[in-house]
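An overview of the molecular structure
Below are the chains, spelled out letter by letter.
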2 protein chains.
Amino acid sequence: MSVQEFPKSGSSILVTRALSRDGLTDLFISGEGIIEAAGEGIGKEYRSVAEFVLPGDSCIVLPGLVNTHTHAAMSLLRGYADDMPLDAWLNTRIWPLEAHLEPSDVYWGTRLACLEMIRTGTTAFNDMYFFMDQAARAVGDAGLRAVLSYGFIDLFDAGRREKEIRETERFVSGVRKLRNPKVRAAVGPHAVYTVSEESLSWLAGYAAEEGIPIHVHLSETEKEVLDAEKTLGMRPPLLLDKCGILTPRTVAAHCCWLSKEECDLLARRGVHASHNPVSNMKLAVNRAMPYPWLRDAGVNVALGTDGCASNNTLDLFREMKAAALLQKFSHNSQTLLPAGEALHMGTAAGARALGIGNGTLAPGEPADVILIDRQAICNVPLHTLDSNLVYACSGGSVRTVICGGRVLMLDRFVPGQDEVLKEAAAAAESLVRRSGMS
Amino acid sequence: MSVQEFPKSGSSILVTRALSRDGLTDLFISGEGIIEAAGEGIGKEYRSVAEFVLPGDSCIVLPGLVNTHTHAAMSLLRGYADDMPLDAWLNTRIWPLEAHLEPSDVYWGTRLACLEMIRTGTTAFNDMYFFMDQAARAVGDAGLRAVLSYGFIDLFDAGRREKEIRETERFVSGVRKLRNPKVRAAVGPHAVYTVSEESLSWLAGYAAEEGIPIHVHLSETEKEVLDAEKTLGMRPPLLLDKCGILTPRTVAAHCCWLSKEECDLLARRGVHASHNPVSNMKLAVNRAMPYPWLRDAGVNVALGTDGCASNNTLDLFREMKAAALLQKFSHNSQTLLPAGEALHMGTAAGARALGIGNGTLAPGEPADVILIDRQAICNVPLHTLDSNLVYACSGGSVRTVICGGRVLMLDRFVPGQDEVLKEAAAAAESLVRRSGMS
């Protein structure tokens, strides 16, 4: 496999005879990166005009997976610190190391994350971190789709608030100037315990004016909820709502400690919930997201991996399984969150949460498409497609990835992969050395 | 890669400069399949005598993983039925389909399982099913190491008991005649709710006479415990102990609903516990194995995947992560079951449970060795080896597998793989067709 065999960016693509969740299908993707036609046999009509043909006979085809909560550049911290009490983990390991991050670290960390996402079938993600100009550049170079937010943290300090406001505005206008239709800016109020009411209200107003998304952590731990009640006089969802943060453009990550009434509130406001089961288990938050309440209230529930420091992978196939397992176990039900629902969370619900179409393979949708190996062991035998994809496969069974019509991985070859691995490893090593820690 | 490049069975092998958990190492494996020498630089001494050299510069080396509880042939049922209430799942789907199994199905199902284990770094497993002659043949053909037991179920019926006793004796003597040092027979009392006291006592006595292992399900569900108290007047561990089943040759699978006193009893008897976190979550058993009690009591705790109908993969890398996550989440502790302990459970504890050495890379140990790609994304960056292996890698990062000195996979090539996939898929399809179900 060589770069020469890759279709040029902007080529139209015909995928033939791949197995979708609705049976055999052909897909024709226009040079503008939109699914123009889909269905069994439509390939005949497009074969003469397609500039590139991808035979899908040995493949399963799915919409690309969507990761609705991550901190991509933290891939540089993968395995740096684990199995520690939360406070010591943050205070003695993660934050001191992050204090030494430089812009180029965020570039290579985000490139590493993008590479992992491409190799495991994720075509779009919702990111919150800092040095986000570098993240935007990395996403553009990788060819993925992303909603990016600068993590706004004022720690209730007026001076810091002004700086964060300026940085948010600067980042949003910077992304706009990139004119990359696959990269959008959002605002990123970190959480109620790190952002003042004044700032939350400003962010809500600014996001509404600009018509951009909001990405926020919500009710991840019991401590967050109890502290908010004590020091702010209000539980986190009510505080966010008071400040206008809960909107149909909002993705709220974690949502573990929501009450039933708060699930109803999220539904009324049209907020999207991002379930992060692996991170929640690893950090022992002591309560699984109340998926049955959110589902019954009608909230759109999608999936996220969280950052690599608390997961430590961005493989959404594994996250779909973790969600199905954790919900069954926590709510004592063998039937809760069946495979089909987990797949919906990983695809259509994620796309809807990030405002990038319906996350299906229908004509008119953005051509974010992945091909999975039908001969991989996880697909043998193939009694039930959804079950194999969610319970047996990992991202390693993905062979080809198309994002917005551009082929990013072809038969497991990603152009430029070696450089990303080398530079990211070097950046991580240099970061630890500079920090004086080990 | 072709079969010709594989070292012949019985060749001595030198692995050079691989990264082990203790630093860089060379390994020399004798033609008899034993690790003869290990350590940095020992390669120089053996380079001239080694019949095959495996450069390990880009690899991490580990002892092969050990799966201490599975029903390998159930790989044919992967994805056949999921997300159902336990009773309906067993009564309307799994058991009716199993009723149509033929010996050749168990052969190809076990071959499929062995292929998946090889491709994900497992070199030995503890199996319980039926048509076990076929399982033994499949394990022999695949080249893996296994402890195999016929699943003894008398349903408290004297006539059935006699048949099960004869089948157990027949299987044990049959395995002995194979003279395959990597395949051993065990007895397999299924569980206290399917096997009478008389049979349990006979099995304990027979296993002691023959000096062979015992493989049993124990306290998987609350119902099992409550029913035993009600109908047998005793909780499962006490009943097994009364019948002599709890021995240092015994592997007890699941152990979710043990009391603290029962954990102490297992420790006193030297029983090995097999933790099956994915199966327990998927089947919503409503309680995680009490790992802290078992660990504190001194019980050797290993890992198992259970069969593919309730997991639906045999990837022990993913099971190590699931164990670390479930224990942290269930016991509300970020520090419980750290990566190093999970790796120990997946390697050394498993080897000890199955009586196949210490599960280390020390001289004198059976040469069950796996090489993992150091350039795989899960190992970039490489701050902490144990963390990457447990929390980031899946079995797909394993490149080369050696079992008892025989190379079973070389740089992800497994001879005969295509035939296994084809025959297993055909067997599964034919099984469903014969059953008249879908």
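Residues numbered from 1 in each chain as written. Chains lettered and ligands numbered in written order. Predicted model: local features only at pLDDT ≥ 70, side-chain atom pairs only at ≥ 80, totals over all residues.

1. Focus: the overall build of chain A
Selection rule: By the criteria applied, helices consist of DSSP H or I runs no shorter than four residues and strands consist of E runs no shorter than two, each listed in order from the N terminus. With C-beta atoms placed from the backbone, the exposure class of a residue follows from how many other C-beta atoms lie within 10 Å of its own: 20 or more, buried; 12 or fewer, exposed; in between, partly exposed. C-beta atoms are placed from the backbone for every residue, and two residues are taken to be in contact when these atoms lie within 7 Å.
Helix and strand counts for chain A stand at 15 helices and 16 strands. Taken over 438 residues, chain A has a buried fraction of 61%. Taking all contacts inside chain A whose residues are at least 6 apart in sequence as the whole, residues at least 24 apart take part in 73%.

2. Some details on the interface of chain A and chain B
Put simply, the test is: Note on residue categories: nonpolar means Ala, Val, Leu, Ile, Met, Phe, Trp, Tyr, Cys or Pro, charged means Asp, Glu, Lys or Arg, and polar means any other residue, Gly included.
Each side of the interface is counted separately: chain A has 49 residues, and chain B has 49 residues. A total of 5 residues in the side of chain A that touches chain B trace back to one element, the largest contributor, which is helix α15 (residues 417–435) of chain A. The residue makeup of the side of chain A that touches chain B, split by class, is 26 nonpolar, 15 polar and 8 charged.

3. Comments concerning the relation of the copies chain A and chain B
The test is simple: Residues reaching a pLDDT of at least 70 in both copies supply the C-alpha atoms on which the copies are superposed by least squares.
Take chain A, turn it by 180°, move it 0.0 Å along the axis, and it overlays chain B with an RMSD of 0.0 Å. Given the turn and translation reported, the copies of this chain are related as if by a two-fold rotation axis. Across chain A, the rotation axis passes nearest the C-alpha of Gly396(A), at a separation of 3.2 Å. Most of the interface of chain A is mirrored in chain B, where 100% of its interface residues again form contacts.

4. Describing unusual backbone geometry
In terms of backbone geometry, most residues other than glycine have negative phi values and most peptide bonds are trans. Cis geometry marks the peptide bond from Asn311(A) to Asn312(A); its omega dihedral reads 15°. Along the chain, Asn312(A) falls in the loop between β13 (300–303) and α12 (316–330). Residue Val380(A) is joined to Pro381(A) through a cis peptide bond whose omega torsion reads -10°. Note that Pro381(A) resides in the loop between β14 (369–373) and α14 (385–392). The backbone phi angle of Asp411(A) is positive, close to 50°, even though this residue is not glycine. The phi torsion at Phe131(B) lies on the positive side, around 45°, for a residue other than glycine.

5. Some details on the confidence of the model for chain A
Note the cut-off: What pLDDT conveys is the predictor's confidence in a given residue, as a value from 0 to 100.
Per-residue pLDDT for chain A has a mean of 97; in total, 99% of the residues score no lower than 70. Scoring the predicted complex yields pTM 0.98 and, for the interface, ipTM 0.98.

6. Some points on the pairing of strand β12 (residues 272–275) of chain A
All names here are of chain A. Condition: Should DSSP find at least two bridges between two strands, the strands are regarded as paired. Handedness of a crossover is defined as follows: orient the strands so they point away from the viewer, and if the path from the first strand over the helix to the second runs clockwise, the crossover is right-handed.
Burial of β12 is two-sided: the residues His272 and Ser274 facing one way and the residues Ala273 and His275 facing the other way are all buried. Pairing of strand β11 (residues 250–254) with β12, which is carried by 3 bridges, proceeds in the parallel orientation. Residue pairing across strands places Ala252 opposite Ala273, the latter belonging to β12. In terms of handedness, the path from β11 via helix α9 (residues 260–269) over to β12 forms a crossover that is right-handed. Pairing of β12 with β13, which is carried by 4 bridges, proceeds in the parallel orientation. What sits directly across from Ser274, in β13, is Ala302.

7. Some words on the domain arrangement of chain A
Residue and element names in this part refer to chain A. Just so we agree on the cut-off: Where each domain begins and ends follows an automated or database-derived domain assignment.
Entries for chain A in the domain assignment read domain 1 (3–63 + 365–411) and domain 2 (65–353). Taken together, the contact between domain 1 and domain 2 spans 19 residues of the former and 22 residues of the latter. Counting only elements with at least two residues in the side of domain 1 that touches domain 2, the list comes to β5 (59–63), α14, β15 (398–403) and β16 (406–409). Looking at which element gives the most residues to the side of domain 1 that touches domain 2, the answer is α14, with 5 residues. Of the residues in the side of domain 1 that touches domain 2, the class split is 12 nonpolar, 4 polar and 3 charged.

8. Quick notes on helix α6 (residues 197–210) of chain A
Residue and element names in this part refer to chain A. To be explicit about the condition: Here the expected span of a helix is defined as 1.5 Å times the quantity of residues minus one.
Relative to the 20 Å expected for 14 residues at 1.5 Å per residue, α6 spans 20 Å between its end C-alpha atoms, a close match to the ideal helical length. Within α6 the residues assigned to the buried category are Ser199, Leu200, Trp202, Leu203, Ala204 and Ala207. Positive backbone phi, at 65°, marks Gly211, one or two positions downstream of α6.

9. Here's the deal with the environment of Lys242(A)
Residue and element names in this part refer to chain A. By secondary structure assignment, the location of Lys242 is in helix α8 (residues 236–242). Its 15 C-beta neighbours within 10 Å are what place Lys242 among the partly exposed residues. Along the sequence, Lys242 and Val432 sit 190 residues apart, while their C-alpha atoms lie 41 Å from each other.

10. Some points on the nonpolar core
The tendency in soluble globular proteins is for nonpolar side chains to be buried as a group. Where we set the bar: The term nonpolar core means buried Ala, Val, Leu, Ile, Met, Phe, Trp, Tyr and Cys residues held together as one set by C-beta atoms within 7 Å.
Counting residues in hydrophobic clusters, the biggest one holds 310 residues, and the most contacted among them are Val61(A), Ala135(A), Leu148(A), Val61(B) and Ala135(B). Residue contacts for Ala135(B): discarding those within four places in its chain leaves Ala72(B), Ala73(B), Val106(B), Thr110(B), Asp127(B), Tyr129(B) and Leu148(B).

11. A look at the packing of helix α13 (residues 339–353) of chain A against α14(A)
Residue and element names in this part refer to chain A. To keep it simple, the criterion reads: Working convention: axes come from line fits to C-alpha atoms, limited for helices to the stretch in contact. Angles between N-to-C directions cover 0 to 180 degrees. Convention used here: angles under 35 degrees read as roughly parallel, angles over 145 as roughly antiparallel, angles from 65 to 115 as roughly perpendicular, and any remaining angle as oblique. By the definition used in this description, the sense in which the near helix is turned from the far one sets the handedness, with an anticlockwise turn below a right angle giving left-handed and a clockwise turn giving right-handed.
At their nearest, the axes of α13 and α14 sit 8 Å apart, and the two run at 65° to each other. When the interaxial angle is binned, α13 and α14 end up roughly perpendicular. For the pair α13 and α14, the sense of crossing is left-handed. Across from Ala339, Gly340, Ala342 and Leu343 in α13, the residues of α14 making contact are Asp386, Ser387, Leu389, Val390 and Tyr391.

12. Considerations on the pairing of strand β2 (residues 23–29) of chain A
Residue and element names in this part refer to chain A. When you tally the buried positions in β2, you get 5 out of 7 residues, the bulk of the element. Where strand β1 (residues 13–20) meets β2, 6 bridges bridge the pair, whose relative direction is antiparallel. Pairing of Val15 across the sheet is with Leu27, part of β2. Counting the residues in the hairpin turn of β1 and β2 gives 2 residues.

13. Section: the environment of Leu226(A)
Its location among the elements puts Leu226(A) in helix α7 (residues 222–232). Separated by 179 residues in sequence, Leu226(A) and Arg47(A) place their C-alpha atoms 61 Å apart.

14. What to know about helix α12 (residues 316–330) of chain B
Look at α12(B): 20 Å from first C-alpha to last across 15 residues, which is about the 21 Å you get at 1.5 Å a residue. For α12(B), a buried count of 15 out of 15 residues is recorded, marking the element as mostly surrounded by other parts of the structure.

15. Section: the packing of helix α3 (residues 103–119) of chain A against helix α4 (residues 132–142) of chain A
All names here are of chain A. It is the contact of α3 with α4, at a shortest axis distance of 8 Å, that shows an interaxial angle of 35°. In this structure, α3 crosses over α4, and the sense of that crossing is right-handed. Residues Pro103, Val106, Tyr107, Thr110, Arg111, Cys114, Leu115 and Ile118 of α3 form the contact with α4, whose participating residues are Gln134, Ala135, Arg137, Ala138, Val139, Asp141 and Ala142. The residue inventory of the contact of α3 with α4, partitioned by class, reads 10 nonpolar, 2 polar and 3 charged.

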